[in-house]
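Residues per chain are reported as follows:
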Amino acid sequence: MPAIEFSRLRTKIELLGKVYDQPEQFLKDLNDLFFFYSDLTFPANSNRGAAVTTLRSYRVPAVINRELEKMLSTKASTQPLETLNIVDQLWQTKIHEACLLASALLGSLPVTYAEETLKRIETWCTANERAELIELLLTNGSATLRRENEALWTKKISDWLHSHDRSMQHTAIMGLQPLLNDERFINLPVVFDLLYPVMLNPDPHLVQILLQTVELLQKRSEPETVYFLKQVISQSKSEDLPRFIRRATPSFSESAQESLKNALRKTLTR
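Residues numbered from 1 in each chain as written. Predicted model: local features only at pLDDT ≥ 70, side-chain atom pairs only at ≥ 80, totals over all residues. Heavy atoms only, no water.

Asks: Could you clarify how one ought to interpret the pattern of salt bridges in this entry?
Replies: Two side chains that carry opposite charge are able to pair once their charged atoms sit near each other. Counted by the stated rule, this structure contains 13 salt bridges. Glu122 serves as the salt-bridge partner of Lys156, at 3.2 Å between the closest nitrogen and oxygen. In this pair, Lys156 sits in helix H9 (residues 150–161) while Glu122 sits in helix H6 (residues 114–125), placing the two residues 34 residues apart along the sequence. Here Lys156 falls in the buried class, since its relative accessible area comes to 18%. The class of Glu122 is partly exposed, set by a relative accessible area of 30%. One salt bridge in this structure joins Arg166 and Asp203, with 3.1 Å as the shortest N-O distance. (Salt bridge = Lys/Arg side-chain N within 4 Å of Asp/Glu carboxyl O. Helix = DSSP H or I, 4+ residues; strand = E, 2+ residues; numbered from the N terminus. Buried < 20%, exposed > 50% of the residue type's maximum accessible area, 1.4 Å probe, protein only.)

Asks: Before we go on, may I ask you to explain the packing of helix H7 (residues 131–140) against helix H10 (residues 166–180) in this structure?
Replies: The description of two helices packed together rests on the angle between their axes and the distance between the axes. Interhelical geometry of H7 versus H10 gives an angle of 50° and a closest axis separation of 9 Å. Here H10 runs oblique to H7, going by the angle between their axes. The handedness of the crossing between H7 and H10 comes out as right-handed. Residues Ala131, Ile134, Glu135, Leu138 and Thr139 of H7 form the contact with H10, whose participating residues are Thr171, Met174, Gly175 and Pro178. Grouping the amino acids of the contact of H7 with H10 by side-chain chemistry returns five nonpolar, three polar and one charged. (Axes fitted to C-alpha atoms, helices over the stretch in contact; angles between N-to-C directions. Parallel < 35°, antiparallel > 145°, perpendicular 65-115°, else oblique. Left-handed = near helix turned anticlockwise from the far one by under 90°. Contact = heavy atoms within 4.5 Å. Nonpolar A, V, L, I, M, F, W, Y, C, P; charged D, E, K, R; others polar.)

Asks: Please clarify how helix H13 (residues 222–235) should be interpreted in this entry.
Replies: In a regular helix each residue adds 1.5 Å, so 14 residues correspond to 20 Å; H13 covers 20 Å between its end C-alpha atoms and thus fits that length. If you check which residues of H13 are buried, you get Glu222, Thr225, Val226, Phe228, Leu229, Val232 and Ile233. On an axial view of H13, the arc spanned by its buried residues comes to 160°, and they lie on one face. Residues of H13 that are exposed and point more than 90 degrees away from the buried face comprise Pro223 and Tyr227. Residues of H13 that are buried make contact with helix H11 (188–200), helix H12 (207–220), helix H14 (241–248) and helix H15 (254–268). (Expected span 1.5 Å × (residues − 1). Arc of directions from axis to C-beta.)

Asks: Whenever I open this one, the nonpolar core confuses me. Can you help?
Replies: Nonpolar side chains in soluble globular proteins tend to end up buried together. Grouped together as the largest cluster of nonpolar side chains are 87 residues, with contacts concentrated most on Leu68 and Phe244. Sorting elements by how many residues they give to this core places H11 first, with eight residues. (Core = buried A, V, L, I, M, F, W, Y, C linked by side-chain atoms within 4.5 Å.)

Asks: How should I be thinking about the environment of Glu148 in this particular structure?
Replies: Here Glu148 is to be found in helix H8 (residues 143–148). Take Glu148: its relative accessible area is 47%, and that puts it in the partly exposed class. Sequence separation of Glu148 and Arg130 is 18 residues, and the distance between their C-alpha atoms is 28 Å.

Asks: Is there a simple way to think about the packing of helix H2 (residues 23–36) against helix H4 (residues 80–93) in this case?
Replies: It is the contact of H2 with H4, at a shortest axis distance of 9 Å, that shows an interaxial angle of 50°. Judged by the angle between their axes, H2 and H4 are oblique. Crossing of H2 over H4 shows right-handed handedness. Residue-level contacts link Pro23, Glu24, Phe26, Leu27 and Leu30 of H2 to Asn85, Ile86, Gln89, Leu90 and Thr93 of H4. Taken together, the residues that form the contact of H2 with H4 break down as six nonpolar, three polar and one charged.

Given below as structure tokens:
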């Protein structure tokens with residue numbers, strides 16, 4: 001892989017912008033750019049500045065995608081229809097760098113294109129994609145929605161949660177995590193409200209993603225999370241809930257753990 005000359009890289013990206021309205025040519029030129037900066041001499045899991053991925057990958061340094069996203073994000077605002085065409089082409093490649101760029105461009109579309117954005121997120125998340133791709137979609141692809149129309153994003157998550165499709169429910173809970181990882185997000189009550197009916201009787205297939213989400217909630221606000229879990233404990237009739245709570249508590253403080261244990265004891269004596 002040649003050393004990165006940023007002036008040269010930015011020139012290449014500017015040339016990509018000139019064929020932005022030609023998705024097939026854009027994809028060809030982008031692949032050439034990735035190949036130019038690729039490092040194919042090291043194993044896929046080698047940590048050499050690029051993200052570790054199980055997808056096919058050119059193994060380019062992470063800075064390449066950062067520059068692409070930075071310089072092309074304005075195109076998403078000014079040329080949204082062309083962006084959607086490009087995103088569709090990129091996503092079909094199932095190559096890490098291309099899908100990473102696709103998710104970033106999708107998340108840069110104006111909020112007026114929320115319907116088109118959500119349609120792609122939902123369709124691709126239900127297409128038996130790898131967890132890595134779903135995480136990219138939910139985190140990067142929802143960026144503008146979460147920032148400019150948080151209510152629309154949480155409404156879509158609610159729709160997914162009420163689906164009878166377990167994979168859609170899993171996607172919904174994953175969709176809460178970008179909110180919880182965003183320090184600007186402060187509306188924790190809406191997350192608790194969404195999770196409450198799911199937590200009352202946790203589906204074994206959703207336990208792992210629920211545990212991850214509870215851990216994120218604990219990091220954001222342990223007192224509110226403890227209060228929420230105690231409400232769930234008091235109302236749940238699930239025999240599996242005590243086991244779930246015990247698995248969820250190690251990340252909590254000792255006093256919080258004791259408070260939750262006491263709540264569980266009370267349910268056993270009812």
